[in-house]
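Summary of structural features
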Amino acid sequence: MEVLTFHIEDFEGPLDLLLYLVGKNKMNLCDINIMELIDQYTAAIASLQDRMEVSSEFIDMAAHLVQMKSALLLPRSPEAERMKAELTGRLIEYSTCKRVAAELGSRARDLYTAVRSPMPLEGPAEYTRPQDPDRLVQAWFSLMGRSLRRRKPTQQRFEPLVTAPFVSVTSRVAHMLRGLLQGTLRRMGQLFSREESRSTNVATFLALLELIRAGRVRIRDDGALEMDRRRRRATTERKGETTHE
């Protein structure tokens, strides 16, 4: 992968940086290599963090892309397809707006502008037209968001990302086999819980797929889990024969 050298100030936001990477790699916006794009974006943000402060919106996008990559690694994940389509749509929309803005800016530069001297105000200077207070509040927060773009993100904002425990697939395989052998695990619904972390549920799902692929576990139509003890017994006997030899 080519090493990119640029400053974060060169881009208006994370979508601008993503669009730059799409063009750099000559990708088609309607058929983006999402995995390659995610790897290049996260690598760029990681290298920039070592040399300078990166605004929070760029790091937020990096965290979102890492989550998307985790979902894309799962086989036939509807959530991954939804996230991929959403990101592609946002990039296409941003690319269109940027192209139109450039064209309008080019036209404006070619126009002759004539101005006149300021005229005295007639009537009260106060703004008297009625406006929805909620829309005014939203406009104010949107304006303030632009000024806060370059503020250094707080530690609390990224505490869940940094302190999230790493859960291996191997540990979940061992946990599932132990529960099946002891009889405490009988149904697929027992494997997943809202109280568990996202990492734990993802690792559990991958472990279940691995056990099904290896023929160690089957799932019945009613969601019950069955362990193939014959396969386990055959494996034990082959190990015993090898030891005797």
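Whatever comes next refers back to the structure up there.
A brief look at the structure comes next. Since this is a predicted model, take the numbers as computed values, not measurements.

For the rest of this paragraph, the subject is the overall build of the protein chain. Scanning the protein chain for helices and strands turns up 9 helices and 2 strands. Expressed as a percentage of its 245 residues, the buried residues of the protein chain come to 27%. Of all intrachain contacts in the protein chain linking residues separated by at least 6 positions in sequence, the fraction that spans at least 24 positions is 62%. Carbon together with sulfur atoms contributes 53% to the accessible area of the protein chain, which is approximately 18300 Å² in total.

Following both chains from N to C, one finds helix α7 (residues 169-182) and helix α8 (residues 198-213) inclined at 65°, their axes separated by 8 Å at the closest point. Viewed along their axes, α7 and α8 adopt a mutual orientation that is roughly perpendicular. Relative to α8, the crossing made by α7 is right-handed. Facing α7, whose interface residues are V169, R172, V173, M176 and L177, α8 presents T200, A203, T204, L206, A207, L208 and L211. For the contact of α7 with α8, the per-class residue count stands at 9 nonpolar, 2 polar and 1 charged.

For α7, spanning 14 residues, the distance from its first C-alpha to its last is 20 Å, which sits close to the expected 20 Å at 1.5 Å a residue. Every buried residue of α7 is accounted for by R172, V173, M176, L177, G179 and L180. One side of α7 carries all its buried residues, which in axial view fall inside an arc of 160°. In α7, the exposed positions that point more than 90 degrees away from the buried face belong to T170 and Q182. Just beyond α7, the residue with positive phi is G183, at close to 85°.

What follows is about the layout of surface pockets. In this structure, the second largest pocket encloses a volume near 160 Å³. Along the walls of the second largest pocket sit R172, H175, R178, G179, T184, L185, Q190, L191, F192, S193 and E196, which together make up its complete lining.

Proteins that are soluble and globular tend to have nonpolar side chains buried together. In this structure, L18, I32, L37, Y41, L65 and L91 are the most contacted members of the largest nonpolar core, which totals 23 residues. Of all the elements in the fold, those that place two or more residues in this core are α1 (14-24), α2 (34-49), α3 (56-72) and α4 (78-109). Sort the elements by how many residues they give to this core and α1 lands first, with 6 residues. Apart from residues lying up to four places away in sequence, L37 is in contact with L18, L21, V22, M27, I32 and L91. Formed by 12 residues, the second largest nonpolar core is a distinct cluster that contains L180, L185, A207 and M227.

In total, this model carries 8 salt bridges according to the counting rule given. Between R213 and E210 there is a salt bridge, with its nearest N and O atoms 2.5 Å apart. Separated by 3 residues within a single helix, R213 and E210 lie in helix α8, roughly one turn from each other. E210 sits in the partly exposed class, given a relative accessible area of 35%. With its nearest N and O atoms 3.4 Å apart, the salt bridge here joins D222 to R220. Using a relative accessible area of 42% as the deciding quantity, one classes R220 as partly exposed. Beyond isolated ion pairs, a larger network of salt bridges with shared partners links R218, R220, D222 and E226.

Below, the discussion takes up the side chain of D16. Take D16: it is sitting in helix α1. Residue classification places D16 among the buried residues on the basis of a relative accessible area of 6%. A distance of 3.3 Å separates polar atoms of two side chains, one belonging to D16 and the other to Y94.

Criteria and cut-off values
- Within each chain, residue numbers correspond to sequence positions counted from 1 in written order.
- In keeping with the predicted nature of the model, local features appear solely for residues at pLDDT of at least 70, side-chain atom pairs appear and are counted solely at 80 or more, and the whole-chain, interface and lining totals rest on all residues.
- For side-chain calculations, the full set of non-hydrogen atoms in the structure is used, while hydrogens and water are omitted.
- A run of H or I in DSSP counts as a helix once it spans at least four residues, and a run of E counts as a strand once it spans at least two, with each numbered from the N terminus.
- When accessible area is computed with a 1.4 Å probe and restricted to protein chains, residues below 20% of their type maximum are described as buried, those above 50% as exposed, and intermediate ones as partly exposed.
- The contact criterion used is simple: two residues touch if any of their non-hydrogen atoms lie within 4.5 Å.
- Here, Shrake-Rupley sampling with a 1.4 Å probe gives the accessible areas, and only protein chains in the shown set may cover a residue.
- Here an axis means a line fitted to C-alpha atoms, over the contact stretch when the element is a helix, while the angle between two N-to-C directions is reported on a 0 to 180 degree scale.
- We call two directions roughly parallel when the angle between them is under 35 degrees, roughly antiparallel when it is over 145, roughly perpendicular when it lies between 65 and 115, and oblique otherwise.
- In a left-handed crossing the near helix is turned counterclockwise from the far helix by less than a right angle, and in a right-handed crossing that turn is clockwise.
- For this scheme, ten residues count as nonpolar: Ala, Val, Leu, Ile, Met, Phe, Trp, Tyr, Cys and Pro. Four count as charged, namely Asp, Glu, Lys and Arg, and the remainder, Gly too, count as polar.
- Expected helix span is computed as 1.5 Å times (number of residues minus one).
- What the arc covers is the set of directions going from the helix axis to the C-beta atoms.
- A cavity here means a set of points on a 1 Å grid, drawn over the protein atoms and nothing else, where a 1.4 Å probe fits but cannot get out; a pocket is an open set with protein on both sides within 12 Å along at least five of seven lines, and a residue lines either one if it has an atom within 4 Å of a point.
- Grid points are joined across faces, edges and corners, and a volume is the space filled by probe spheres set on the points.
- We define the nonpolar core as a collection of buried residues of types Ala, Val, Leu, Ile, Met, Phe, Trp, Tyr and Cys that are connected through side-chain atoms lying within 4.5 Å of one another.
- The rule for a salt bridge is simple: a side-chain nitrogen of Lys or Arg has to be within 4 Å of a carboxyl oxygen of Asp or Glu.
- Pairs of N or O atoms are called polar contacts if they sit within 3.5 Å, as long as, within protein, a hydrogen donor faces a hydrogen acceptor (for residues adjacent in sequence, only side-chain-to-side-chain pairs).

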